[in-house]
4 protein chains.
Amino acid sequence: MIITLASYKGGAGKTTSAVHLAAYFQTLAPTLLLDGDKTKNALNWSQRGKGFSFRVAPVDQAARLAKNYEHIVIDTGQRPDAADLKEAVDACDLLIIPATPSPLDTDGLIQTVLALKKIGTDSFRVLLTKVPPPPERDALELRKLLEDEGVSIFKGEIPRLKAFEKAAGAGEIVQQTNDRNATRAWDSYMAVGKELM
Amino acid sequence: MIITLASYKGGAGKTTSAVHLAAYFQTLAPTLLLDGDKTKNALNWSQRGKGFSFRVAPVDQAARLAKNYEHIVIDTGQRPDAADLKEAVDACDLLIIPATPSPLDTDGLIQTVLALKKIGTDSFRVLLTKVPPPPERDALELRKLLEDEGVSIFKGEIPRLKAFEKAAGAGEIVQQTNDRNATRAWDSYMAVGKELM
Amino acid sequence: MIITLASYKGGAGKTTSAVHLAAYFQTLAPTLLLDGDKTKNALNWSQRGKGFSFRVAPVDQAARLAKNYEHIVIDTGQRPDAADLKEAVDACDLLIIPATPSPLDTDGLIQTVLALKKIGTDSFRVLLTKVPPPPERDALELRKLLEDEGVSIFKGEIPRLKAFEKAAGAGEIVQQTNDRNATRAWDSYMAVGKELM
Amino acid sequence: MIITLASYKGGAGKTTSAVHLAAYFQTLAPTLLLDGDKTKNALNWSQRGKGFSFRVAPVDQAARLAKNYEHIVIDTGQRPDAADLKEAVDACDLLIIPATPSPLDTDGLIQTVLALKKIGTDSFRVLLTKVPPPPERDALELRKLLEDEGVSIFKGEIPRLKAFEKAAGAGEIVQQTNDRNATRAWDSYMAVGKELM
DNA sequence: TGAGTTAGAATGGCACCACCCGTC
DNA sequence: GACGGGTGGTGCCATTCTAACTCA
C-alpha cells in the first residue's frame, strides 16, 4: 500500500503523521518512509535518535528501495493547489491531507478539497491534527463542514499534545517517549491506521 | 519602511503577523500590505470582514501602489532555503521570520538562520509566535539558543491565543474581536511594532 | 414549494427571514435561496462566512437551478405597490410579507394588503419581525388590526434580537452564532417554518 | 438651502429625519418638505395630525412652490446604487444618507458611499439613526469605519426611541409628543440641524 | 393630571467554574 | 498530586428603554 501525505498548509503535522503511520504499518509488514519534503524533517527526526523500526530514505531513492517493502509512506511537501494535489493522488493508493482546525485556513482547505473532488479523485482523506482539548469546538465544526460537503475524513483525530514534540526532539516515536500522554498520542495514530485497513 | 515576512516553516503565524504589524504601522502612517503567498490568506482575511484600516493587495500590484504608502508589509511564502531568504532580505529594509517553538523545526531554523548570517545579512529578525503559556519552556529555550548564536530576535513574543483565530475567522484585526484576551493579543503585536521603530 | 419574500417597506428583516426560512427548509429537503434584491444582501451574507447548508444564487439563475431543489425561497425587493406584489404572488405558492410594527408604516401596509386581497389573492401572509420585547404592544396592536381585517398572519413572530445582526455580520445562520439568545432567535423562525408545513 | 435625504437601505429613518430637519429649518426660515417617496409617508404623517408648522407637498409640485421657501428638504426614495445617489446629489446642496448601524448593510453602505466619493462628489453626509443605547457598540464601530474611510458623517446621532414612532403615529413632531424622551429625541435632531448651519 | 417608581427585557462586561494540558 | 494558564459555559450586575402603577 502506498500512502502519500500532503498538506494544504504548512505546520499541520504532516511529518508527524507520516512518521507515526509508518510506525504503525511497520507493526504489520516491512514499511518504508520516503521523505520528499524540502526541509527533510523526517530524515532529521530519524537521525536524531536511535533510529526507527522502519526504514527512512529520501524520496529520490524510491525506485531503488520500493520493491523491498510492503507499505510505503511518502511525506511530500506543502501543496496548496488542487492540481498539485491531483499529481500526488495519482501516484499513490491514498492521499492523506492533515489539517489543523484553524479558521484562517478553513476556506482555502475547503476550496482545494472540493476542487480535488471535482477533478474526479476520491482517493484522498482529511485527517484532523493538533486538535485542542474540549471545550474548544473548532475541530468539530471543521469536521461537520467537511462531512456536509461530502469530503472523506478520518473518524480518528490527533490531539495537540506536547508528547509529539518531545518525540520529535528526541528522535523517537511518540510511543517510546517519556510523557504522561505518550500512549494516548500513539493510540490516536493507531486508530487512524486501523481505519486505513 | 519595507518589511517582509517569510517563514522557515508553514503554520508559524506569518499571515497573522503580517496583518497585525500592518495594522500597527497604519496607526503611524499610511500602510500597504502586499500578499505574496500562494494561498492568498491575507487577502481572504481582509475580504471576509468589513475590511481593514490599511490597504491589502496582491504582491503583483506592488509597482502600481507602492508610491502612495509610507510603510509596506510584504507577506511572502514559505522559504526553507537560506538562498531564498537572502533574496527576500535584499528586497526590503527588514525581514521578519516568525517561528513557532517546536523541537521538530528548531534544527532546521537554526541552520537556515546561521546560513543567512554567513551569507552576510544582518537585516533580519526572528519573532517567536504561538508561544504556549508557562510553564512550557520551549520558547525560552529557543530564544536562548538563538541569542547564543547571535541571531537577532524580538524581545516581544506572540502568545498562542484563540483570539487570533477568532479574528481571522471574522475577518478582523484581533483588537476588534470579541474575546477575553483580545487586548493582550493586540498588545503583543504592538510591543513588536514599537521594537521596530 | 416556492416561497417569495417581499416587503412593503425596507428594513423589515426580509433578507434575514429569507435566509432563515431557507435554513429551515433545508432541514427537510434540498433548498435553494434565490437572491433577487438589488443590494444582493443574501449572497453577501452567505459569502461572508463559511457558507450555508443550502445553496444561494442570484435570481437570474432560477431557470438553470430550480429543477434540482425541492424548496425554493426567493428574496425579492421592496414592493410598496399592490400591483407589484400581485406579480410576485402569481409566481409562487406563498408570498410572505415581513413587517415591522411601526406606526409610521402601519397605514400603508394595511392599505396595500387590503388592495392585494381585493385583487383576488389570498396566498400571502404577513410575518411580524423585529418585535420589541414587552411591555411594548405595537406588535400586538398591528396583529389585531390585521386579523380584524381578515389578513392572514403568522402566529409566530420574530423578536428584535442582536443575535440576528451578529449572525449576518459573521455570515452565519443565527443558530450557529455565539450569542445568548441564538437558540431563541432560531426557534422563532422554526416556529414559522412549522406553520408553513 | 436644498437638502435631500436618500437612504441606501429602507427602514433607516429617512422620513423621520426629513420631517424633523424640516421642522428645525422652519424655526429659522420658511421651509418646504417635498415628499418624493413612493409610499408618501411624509405626506401621510402630516395629514394624520393637526399639520406641521412647515409646508409638506409631493415632489411634483417642486417647481410651483420652491420660490416661496428659504429651505427645501426633499425626502426621496431608497437608492442602493451609487449612480442613483449621484443624480440626487447633483440636484441639491447637501445629500444626507441616514443609516442604521447593522452589520448586514454595513458592507453595501461602505461600498456605495466610496463609489460616490470616487465619482467625485463630496457634498453628502451620513447620519447614524436608530442608534441603540449603550452598551451596544455597533454605532461606534460604523462611525469609526466611515471616518477611517474619510466619509463625512454627522457628529450627532439619532437614538432609537419609541418617541419617534409615537410622533409618527400621532401625526406630530416628536417635540410635541407625550413621551418622557420627547425632548431628548428632538434635541438629537436639533444638534444635527445646527451642524448643518 | 403629572412626576416618580417599579417590573421586564436585552445588551455588554465581569467573575466564577469545570476541564484540560504542562511542569515541578 | 499541586499549581498556573487558556477555553467555554453559566450566572450576575449595570445600563437602558418601555409601560404600568402610585402618589401628590
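Here the structure is a predicted model, which is why all the values come from computation and not from measurement.

Calculation criteria
- Residues numbered from 1 in each chain as written.
- Chains lettered and ligands numbered in written order.
- Predicted model: local features only at pLDDT ≥ 70, side-chain atom pairs only at ≥ 80, totals over all residues.
- Heavy atoms only, no water.
- Helix = DSSP H or I, 4+ residues; strand = E, 2+ residues; numbered from the N terminus.
- Rg over C-alpha atoms; globule rule 2.2 N^0.38 Å.
- Buried < 20%, exposed > 50% of the residue type's maximum accessible area, 1.4 Å probe, protein only.
- Areas by Shrake-Rupley, 256 points an atom, 1.4 Å probe, with all protein chains shown as cover.
- Lys, Arg positive; Asp, Glu negative; His and termini not counted.
- Charge placed at Lys NZ, Arg CZ, Asp CG, Glu CD.
- Near = heavy atom within 4 Å.
- Polar contact = N/O pair within 3.5 Å; in protein donor to acceptor, adjacent residues only side chain to side chain.
- Pairing = 2+ DSSP bridges.
- Axes fitted to C-alpha atoms, helices over the stretch in contact; angles between N-to-C directions.
- Contact = heavy atoms within 4.5 Å.
- Salt bridge = Lys/Arg side-chain N within 4 Å of Asp/Glu carboxyl O.
- Nonpolar A, V, L, I, M, F, W, Y, C, P; charged D, E, K, R; others polar.
- Right-handed = clockwise from strand over helix to strand, strands pointing away.
- Least-squares fit on C-alpha atoms with pLDDT ≥ 70 in both.
- Expected span 1.5 Å × (residues − 1).
- Arc of directions from axis to C-beta.

**Let's talk about the overall build of chain A**
Scanning chain A for helices and strands turns up eight helices and six strands. Helices (α) and strands (β) of chain A occur, in sequence order from the N terminus, as β-α-β-α-β-α-β-α-β-α-β-α-α-α. Here the C-alpha radius of gyration of chain A, 16 Å, is about what a compact globule of 197 residues would show, namely 16 Å. Here the C-alpha coordinates of chain A stretch approximately 45 × 40 × 30 Å along the principal axes. A burial count over chain A gives 56% of its 197 residues as buried. Of the accessible surface of chain A, which amounts to about 8500 Å², a share of 50% is contributed by carbon and sulfur atoms. A gap of 5 Å separates the mean positions of the 25 positive and 25 negative side-chain charges of chain A.

**Looking at the protein's contact with DNA strand E**
For DNA strand E, the set of nearby residues contains 22 residues, the closest of which are A:Lys162, A:Arg180, A:Arg184, C:Lys162 and C:Arg184. Within 4 Å of the protein, the contacting atoms of DNA strand E are 70% sugar and phosphate, with bases supplying the remainder. The contact in question runs from a phosphate oxygen of DNA strand E to an N or O atom on the side chain of B:Arg137, over 2.9 Å. In this structure, C:Arg180 approaches DNA strand E through a side-chain N or O atom, which is 2.9 Å from a base nitrogen.

**A word on the sheet that holds strand β4 (residues 71-75) of chain C**
Residues and elements named next belong to chain C. The strand order across the open sheet formed by six strands is β3-β2-β4-β1-β5-β6, and the pairing between neighbours is parallel. The sheet terminates laterally at β3 (55-58) and β6 (124-128), the two strands that pair on one side only. Between one strand axis and the next, the sheet turns by 25° as a mean value, whatever way the strands run. Where strand β5 (residues 94-99) lies against β6, five bridges are found, and the strand directions are parallel. Each bridged residue has a counterpart across the sheet, and for Ile96 the counterpart in β6 is Arg125. Contacting β5 and β6, helix α5 (residues 103-119) crosses the sheet at an angle of about 170° to β5. Contacts from helix α8 (residues 182-196) reach β1 (2-5), β5 and β6, with the element oriented near 165° to β6.

**Overview of the interface of chain B and chain A**
Every contact between the two is made by 26 residues of chain B and, on the other side, 25 residues of chain A. Seen at the junction of chain B and chain A, the total is six salt bridges. Sorting the residues of the side of chain B that touches chain A by element identifies α1 (14-26), α2 (41-48), α5 (103-119) and α7 (162-170) of chain B as the ones contributing at least two each. Each residue belonging to the side of chain B that touches chain A can be placed in one class, and the counts come to seven nonpolar, nine polar and ten charged.

**Comments concerning the pattern of salt bridges**
Residues and elements named next belong to chain D. Tallied over the full model, the rule gives 49 salt bridges over all chains. The partner of Asp37 in a salt bridge is Lys14, with the nearest N and O atoms 2.8 Å apart. Of this pair, Asp37 sits in the loop between β2 (31-35) and α2 (41-48) while Lys14 sits in helix α1 (residues 14-26), placing them 23 residues apart in sequence. Under the relative-accessibility criterion, Asp37 is labelled buried at 10%. A relative accessible area of 8% means that Lys14 is categorised as buried. Between Arg143 and Glu157 there is a salt bridge, with the nearest N and O atoms lying 2.8 Å from each other.

**Examining the pairing of strand β6 (residues 124-128) of chain A**
Residues and elements named next belong to chain A. Of all five residues in β6, five are buried, a share of seventy percent or more. Of the two faces of β6, the one carrying Phe124, Val126 and Leu128 and the one carrying Arg125 and Leu127 are both buried. At this point the chain moves from strand β5 (residues 94-99), through helix α5 (residues 103-119), to the parallel β6, and the crossover so formed is right-handed.

**Side note on the protein's contact with DNA strand F**
Taken together, the neighbourhood of DNA strand F is formed by 23 residues, with B:Lys162, B:Arg184, C:Arg137, D:Lys162 and D:Arg184 sitting nearest. A:Arg137 is positioned with one of its side-chain polar atoms (N or O) 3.2 Å from a phosphate oxygen of DNA strand F. Within the side chain of B:Arg180, a nitrogen or oxygen atom sits 2.7 Å from a base nitrogen of DNA strand F. Of all the secondary-structure elements, those providing two or more residues to the surface near DNA strand F are α7 of chain B together with α7 (162-170) of chain D. Tallied by class, the residues present in the surface near DNA strand F amount to seven nonpolar, two polar and 14 charged.

**Concerning the relation of the copies chain B and chain A**
Of the transformation superimposing chain B on chain A, the axial component is 0.0 Å and the angular component is 180°, with the fit at an RMSD of 0.1 Å. What the superposition gives is, in effect, a two-fold axis relating one chain to the other. By C-alpha distance to the rotation axis, the residue of chain B lying nearest is B:Gly10, at 1.8 Å. Comparing contact sets, 96% of the residues at the interface of chain B also lie at the interface in chain A, consistent with an isologous, same-surface contact.

**What about the sheet that holds β5(A)?**
Strand pairing in a sheet relies on backbone hydrogen bonds. The paired strands run either parallel or antiparallel. All names here are of chain A. Taken in spatial order, the six strands of this open sheet run β3-β2-β4-β1-β5-β6, and their pairing is parallel. Each having just a single partner strand, β3 (55-58) and β6 make up the two edges of the open sheet. Averaged over neighbouring strand pairs, the angle between their axes works out to 25° when direction is ignored. Strand direction decides the pairing type here: strand β2 (residues 31-35) and strand β4 (residues 71-75), joined by five bridges, are parallel. Across the sheet, the residue bridging to Leu33 is Val73, located in β4. Packing of helix α1 (residues 14-26) onto the sheet brings it into contact with β1 (2-5), β2, β4, β5 and β6, and relative to β4 it is tilted by some 175°. The sheet contacts of α5 involve β5 and β6, and relative to β5 the element is tilted by about 170°.

**Topic: unusual backbone geometry**
Residue A:Pro135 follows A:Pro134 across a cis peptide bond; omega there is 15°. A positive phi angle is found at A:Lys130, which is not glycine, with a value near 50°. Even without a glycine there, the phi angle at D:Lys40 is positive, about 50°. Checked against the element boundaries, D:Lys40 lands in the loop between β2 and α2.

**Focus: α5(B)**
Residues and elements named next belong to chain B. The terminal C-alpha atoms of α5, which comprises 17 residues, lie 25 Å apart, in line with the 24 Å expected from a rise of 1.5 Å per residue. For α5, the complete set of buried residues consists of Leu104, Asp105, Thr106, Gly108, Leu109, Ile110, Thr112, Val113 and Leu116. Where α5 ends, the next residue or the one after it, Gly120, has phi of about 120°, a positive value.

**Section: helix α7 (residues 162-170) of chain A**
Taken together, the buried positions of α7(A) are A:Ala163, A:Phe164, A:Ala167 and A:Ala168. Projected onto a plane normal to the axis of α7(A), the buried residues spread over an arc of 135° and lie on a single side. In this fold, the buried residues of α7(A) make contact with α1, α2 (41-48) and α8 (182-196) of chain A together with α5 of chain B. Positive phi appears at A:Gly171, one or two residues downstream of α7(A), with a value of about 70°.

**Topic: the side chain of A:Thr16**
Assignment of secondary structure puts A:Thr16 in helix α1. Among the residues examined, A:Thr16 registers a relative accessible area of 12% and is labelled buried. Not counting the four nearest positions on each side in its chain, A:Thr16 is found in contact with A:Trp45, A:Phe164, A:Tyr189 and B:Leu104.

Any link to function would need more than the numbers given here.
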